[in-house]
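Understanding the architecture of this molecule
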Amino acid sequence: MNIGNLVKVAFSSLFRNKMRTALTMLGIVIGIASVIAMVSIGQASTQSVKSELSSMGSNMIMIMPARQQRGGVDMGMSSSKSLDNKDLQALQEKTRYVAAVSPMVSSNKQLIYGNNNHSCSVNGVSASYLDIRKYEIAEGVMFTEEDVKRYNKVCVIGQTVELFTNGEDPLGKSIRFGSIPMTVIGVLESKGQSGMGDDQDDIVFAPYTTIQKRFLGINYFNMMYASATSEEESELAATEITYILRSNHGIKSGMSDDFDIRTQEELVSTISSVTGLMTTLLAAIASISLVVGGIGIMNIMYVTVTERTKEIGLRMAIGAHNRDIMFQFLCESVILSLIGGIIGIILGLIIAYVASKLMNMPYVVSQMAIVGSFLVCALTGIFFGWYPAKKAANMNPISALRYE
Amino acid sequence: MAKDILRVEKLERVFRVGSEDVHALRGVSFTITEGEFVSIMGTSGSGKSTLLNILGCLDTPSAGDYIIDGVSIKKLSKNELSTLRNRKIGFVFQNYNLLARTTALENVELPLFYNSDVPAKERRDRAIEALKLVGLESRMEHMPNQLSGGQQQRVAIARALVNDPVILLADEATGNLDTRTSYEIMSLFQDLHEQGKTIAFVTHEPDIATFTTRKIKLRDGQIIEDAPIDTQSAAEALAAINLQKED
C-alpha cells in the first residue's frame, strides 16, 4: 500500500469512531497546548524582565551597604551605614570607568497640596541621577548641583503623583512634604510600569542633601547609583568602585566588603537564568501531560487492534504483508497525534496570547517550541503506536480470521 | 491436457496441543487441474479446514509439498506467502468478512491495494468489472449492512475475483445462507466455472457438493474418497424450489 492509501484508510477508520478519536486526541491537545503556553509565557517573562532592565539603564551599577550583624543578629539588607559623602567624592574624582555617581536617600511621608494628599516615595538624589536611571524631564528643569549644595527645597515629580487636579500646571507650585514646603520645578517624562508591576512614575526627586539634613537628619546614604562609561565597561567600573571603596573604608585584604555592588549584567544573567529555569520547569511539568496523552493513544490503539482483529486477518488473507498492517496502524496513531498536536499548538498560542494580555507581558511565539512539539507529536505517535501496530502485524491470519 | 493448478504431495500437518501431537493431516495427495470445480467434504475434525488453510497459503505443512501454479511454497517467507495469496488465490469465507462501513466497490478494490502492479486508475475499473461479473453493478456504493446475505457473499466473491486468481477457495461459502440463496450462490459459482475458473469449495453439506464436478472426502486427516460426480445444475435446483413455492 502506498502512503496516500494508508493515510486515506487511517482517516476513514478514525472517522468511524469520532468520539473516541476526539477524546484520544484531547490528551495530546492538552499536552501540547500546555507545553507551548508554558514555554511562551516563560520566554515572555524573561523578555519583559530583560527589556525592563535595559530601560533602567544597562550600564547602571548599584552600590548598597552590606548586611550588618549586630550581636549576631542579621539586620537585613543594606542595614549598615557604610556609604557616605566621602565615598561619593572619591567615586566622582578617582575613577576612569565611572561616568556618573548619585547617592540616594529615601523617605516616605505624605505629600500635601491644597485639599489633595498623596503618599509616595521621595528620593533624595543628585542631578546626575536622571542620566543614570534614564529618566527624562518633560516640563521645567531638573535641580542643579547648586541646589544640592544649598539644601534647596525644590523637587521634580513623576507623572502619576496625583496632587494636581483639573489639569493644573504643577510647575512653580509649592507642595508640602510633611510640614516642609517644596517647590515643584520639573515634571518627569512618563516611564511606565516596571516589569514587576511598580509604577515608575509615582515618584518624587529632591536634592539628597535636602532629604538628609531637613527631613531625616542623617549623613549616610541608603545606596548609591553609578553609571559605567559603557555597558561593556560596567564590570571594570565595578572593580574600580570596589577598590576605591575598600581603600576608603580601610578594609584589609582578606576581609569582606562592607558593601554590595550589582551591575546589570549580573542581574540580567541572574534573572534570565532564574526565568529560564522556570520555563524549563514549567515545560517539564507540561510534558508529563504529553506523556499521559501518549499513553492514551497507546491504550486506544490496543483497543482498536483487538477490535479489528478480523479485519487484520482478512487483509492478511488477501495479501497484506506484515509491514502493510504495521504501517496502517502506525499511520493511524501518527495522524491522531499530529492532528492533536496541531490543535494543541493553536490552543497553546491562544492561551499564551490571552495570558500575555492579562499579565501585561510581550507575546512571544517560540518557533522552537512549535517545531519541537510538532516533532514530539510525530514521535509520540510512532512511539506509542509502535507496540499496538506490532501486535497487529504479528497476528496469525488464521486465528485472526476466526476471532469473534 | 489441462495444466495443474495445484498439487499436494503427502501433505502432513501436526499441531502441538499441550504435550500431545495432533495429526490434522496424514499424508494427503491430490492434484487440481485448470477448470475443475472441486468440493472438499468432511465432518468437523476431518482436517478440511487445515487443508484449506494450507491450500490458501495461510499455513505451511509440517511435511510434504504443496505446489501452486508451479511454485512450491516450502521455502517461501511470510511476505512471499502474502504476495502469493494476493496474486494467485481468491478467498470466499463463510461469514463474508467484508469491511464494515466501506462500500461494496471499495471492499472489492481492497486486494488491489496490496498489489503494486495494478496502477491506481485501473483499480476501480477492475473492481467494477468484478462486481458486474457477480451481478451487483447496481449496488456498488452500498455498505455491507445495506446488502442481504446473498449480496454480501456476491461482493466477497467479486473481491476474490478481482485479482484474477488461479483458484477460488471457498470456505463454507453457503454456510450462513438459506437454501434458496445458497443455490443462487452455487449457480453463480457454476457460471464462473463455466467461464473457466478453477474452484475449490469446502463444505459439509452433501447437496451443495452435488453442484461441483469432483468430490474429495476427508476423514481423520486422510482422503477416503476422490471421484468425479454427476453434476447437478444449481439453476435447475433453484427453479425447482420456486415451483414448490407456487404449489
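Below, the structure is looked at part by part. All values reported here derive from a predicted model rather than from experimental measurement.

**Let's talk about the overall build of chain A**
- A tally of helices and strands in chain A yields twelve helices and twelve strands.
- The proportion of buried residues among the 404 residues of chain A is 41%.

**Section: the overall build of chain B**
- Scanning chain B from terminus to terminus reveals eight helices and ten strands.
- Across the 247 residues that make up chain B, the buried fraction comes to 45%.
- Put simply, 69% of the contacts in chain B that link residues at least 6 apart link residues at least 24 apart.

**A closer look at the sheet that holds strand β2 (residues 20-33) of chain B**
Residues and elements named next belong to chain B.
- Taken in spatial order, the four strands make up an open sheet running β2-β1-β4-β5, and their pairing is antiparallel. The sheet is open, and its two borders are formed by β2 and β5 (71-72), each paired with just one other strand.
- Both strand β1 (residues 4-17) and strand β4 (residues 63-68) contribute to a ladder of five bridges, which runs antiparallel. Among the inter-strand pairings, Glu12 is bridged to a residue of β4, identified as Ala63.

**Some points on the nonpolar core**
- B:Val108 and B:Ala158 are the most contacted members of the largest nonpolar core, which totals 119 residues.
- The leading source of residues in this core is helix α2 (residues 18-55) of chain A, at 13 residues.
- If we skip the residues at most four places from it in the chain, B:Val108 touches B:Ala127, B:Ala130, B:Leu131, B:Val155, B:Ala158, B:Arg159 and B:Val162.
- A:Leu91, A:Met142, A:Ile203 and A:Ala228 belong to the second-largest nonpolar core, a separate cluster that totals 54 residues.

**So, the interface of chain B and chain A**
- Residue-level contacts link 18 residues of chain B with 16 residues of chain A.
- Contributions of two or more residues to the side of chain B that touches chain A are made by α2 (78-88) and α3 (104-113) of chain B.
- Its residues placed into classes, the side of chain B that touches chain A shows seven nonpolar, seven polar and four charged.

**Examining unusual backbone geometry**
Residue and element names in this part refer to chain B.
- Within the chain, Tyr96 stands out as a residue other than glycine whose phi angle is a positive 65°.
- Examined against the element boundaries, Tyr96 turns out to sit in the loop between β6 (89-92) and α3.
- Of note in this structure, Glu172 is not a glycine but carries a positive phi near 50°.
- Among the structural elements, Glu172 can be located in the loop between β7 (167-171) and α6 (179-194).
- Given 20 C-beta atoms within 10 Å, Glu172 falls into the buried group.

**Quick word on helix α5 (residues 149-161) of chain B**
Residue and element names in this part refer to chain B.
- Over its 13 residues, α5 extends 18 Å from the first C-alpha to the last, a length consistent with the 18 Å expected when each residue adds 1.5 Å.
- With eleven of its 13 residues buried, α5 lies for the most part within the structure.
- For α5, the full list of buried residues reads Gln151, Gln152, Gln153, Arg154, Val155, Ala156, Ile157, Ala158, Arg159, Ala160 and Leu161.
- For α5, the secondary structure elements touched by its buried residues are β6, α3, α4 (120-133), β7 and α6.

**What about the sheet that holds strand β8 (residues 199-203) of chain B?**
Residue and element names in this part refer to chain B.
- Within the open sheet, the six strands sit side by side as β6-β7-β8-β3-β9-β10. Their pairing is mixed. Every interior strand has two partners, whereas the edge strands, β6 and β10 (222-228), have only one. Ignoring which end each strand starts from, the neighbouring axes of this sheet average 15° apart.
- Relative to β7, β6 runs parallel, the two being bridged by four bridges. Counted as the bridge partner of Phe91 is Leu169 from β7.

**A few points about the pairing of β10(B)**
Residue and element names in this part refer to chain B.
- Relative to β10, strand β9 (residues 214-219) runs antiparallel, the two sharing six bridges. When the bridges of β10 are listed, Arg219 appears paired with Gln222.
- Connecting β9 to the antiparallel partner β10 that follows it, the hairpin turn spans two residues, and Asp220 within it adopts a positive phi of roughly 50°.

Calculation criteria
- All residue numbers refer to positions counted from 1 along the written sequence of the respective chain.
- Lettering for chains starts from A, numbering for ligands starts from 1, and both go in the order in which the items are written.
- Per-residue local features of the predicted model are confined to residues with pLDDT of at least 70, and side-chain atom pairs are confined, for both listing and counting, to 80 or more; whole-chain, interface and lining totals are unaffected and use all residues.
- Each helix corresponds to a stretch of at least 4 residues labelled H or I by DSSP, and each strand to a stretch of at least 2 residues labelled E; elements are numbered beginning at the N terminus.
- Whether a residue is buried, exposed or partly exposed is read from the other C-beta atoms within 10 Å of its own C-beta, which are placed from the backbone; 20 or more gives buried, 12 or fewer gives exposed, and intermediate counts give partly exposed.
- By definition, residues are in contact whenever their C-beta atoms, placed on the basis of the backbone, come within 7 Å of each other.
- Two strands qualify as a pair provided DSSP detects at least 2 bridges between them.
- What we call a nonpolar core is a set of buried Ala, Val, Leu, Ile, Met, Phe, Trp, Tyr and Cys residues whose membership is set by joining through C-beta atoms within 7 Å.
- Ten residues, namely Ala, Val, Leu, Ile, Met, Phe, Trp, Tyr, Cys and Pro, are considered nonpolar, four, namely Asp, Glu, Lys and Arg, are considered charged, and the remaining ones, Gly among them, are considered polar.
- One fewer than the residue count of a helix, multiplied by 1.5 Å, yields its expected span.
- Here an angle of 0 to 180 degrees is reported between the N-to-C directions of two axes, which are lines fitted to C-alpha atoms, with helices fitted over the stretch in contact.

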